[in-house]
Amino acid sequence: MEPFVMRNMGRRVMMRDRMGRRRIGMIDGFVPGRGVFIRNRFRREFIPFFLIATLFLI
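The rules behind each value
- Residues numbered from 1 in each chain as written.
- Predicted model: local features only at pLDDT ≥ 70, side-chain atom pairs only at ≥ 80, totals over all residues.
- Heavy atoms only, no water.
- Pairing = 2+ DSSP bridges.
- Helix = DSSP H or I, 4+ residues; strand = E, 2+ residues; numbered from the N terminus.
- Axes fitted to C-alpha atoms, helices over the stretch in contact; angles between N-to-C directions.
- Buried < 20%, exposed > 50% of the residue type's maximum accessible area, 1.4 Å probe, protein only.
- Contact = heavy atoms within 4.5 Å.
- Phe/Tyr/Trp six-rings, centres within 6.5 Å; stacked < 30°, edge-to-face > 60°.
- Lys NZ or Arg CZ within 6 Å of the ring centre and 35° of its normal.

What about the sheet that holds strand 1 (residues 12-17)?
At step 1: A sheet is described by the order of its strands in space; here five strands give the open sequence 4-3-2-1-5, paired in antiparallel fashion. Two strands close off the open sheet at either side, each with one partner strand: strand 4 (44-48) and strand 5 (52-57). For this sheet, the mean angle separating the axes of adjacent strands, direction not counted, is 45°.
At step 2: Two strands pair when backbone bridges link them, and strand 1 and strand 5 are joined in this way by five bridges, in the antiparallel orientation. By the bridge assignment for strand 5, R16 is matched with T54.

Thoughts on the environment of D17
At step 1: By the element assignment, D17 lies in strand 1.
At step 2: By relative accessible area, D17 is classed as buried at 2%.
At step 3: On a C-alpha basis, the gap between D17 and D28 in space is 17 Å, while along the polypeptide they are eleven residues apart.
At step 4: Setting aside its immediate chain neighbours within four residues, D17 contacts R23, L51, I52 and A53.

Some remarks on the packing of aromatic side chains
At step 1: If you walk through the whole model with that rule in mind, you get one aromatic pair.
At step 2: Ring centres 5.1 Å apart and planes at 55° place the aromatic pair F37 and F46 in the tilted group.
At step 3: Relative accessible area serves as the criterion here: at 32%, F46 is assigned to the partly exposed category.
At step 4: Over the face of the ring belonging to F37 we find R44, whose NZ or CZ atom lies 4.1 Å from the ring centre.

Have a look at this one:
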């Protein structure tokens, strides 16, 4: 997961977590081994890797 995140830093993605919620935004950063930061128009949100079910480039 980490190489994918580093390769696509700054690109728009759609992420679906294990609870079914969709999040759309840009990959803003990541904490090695922990998770990613997604920035949308309103806020910056941290999503742990264990919650990510799918990650698509838009």
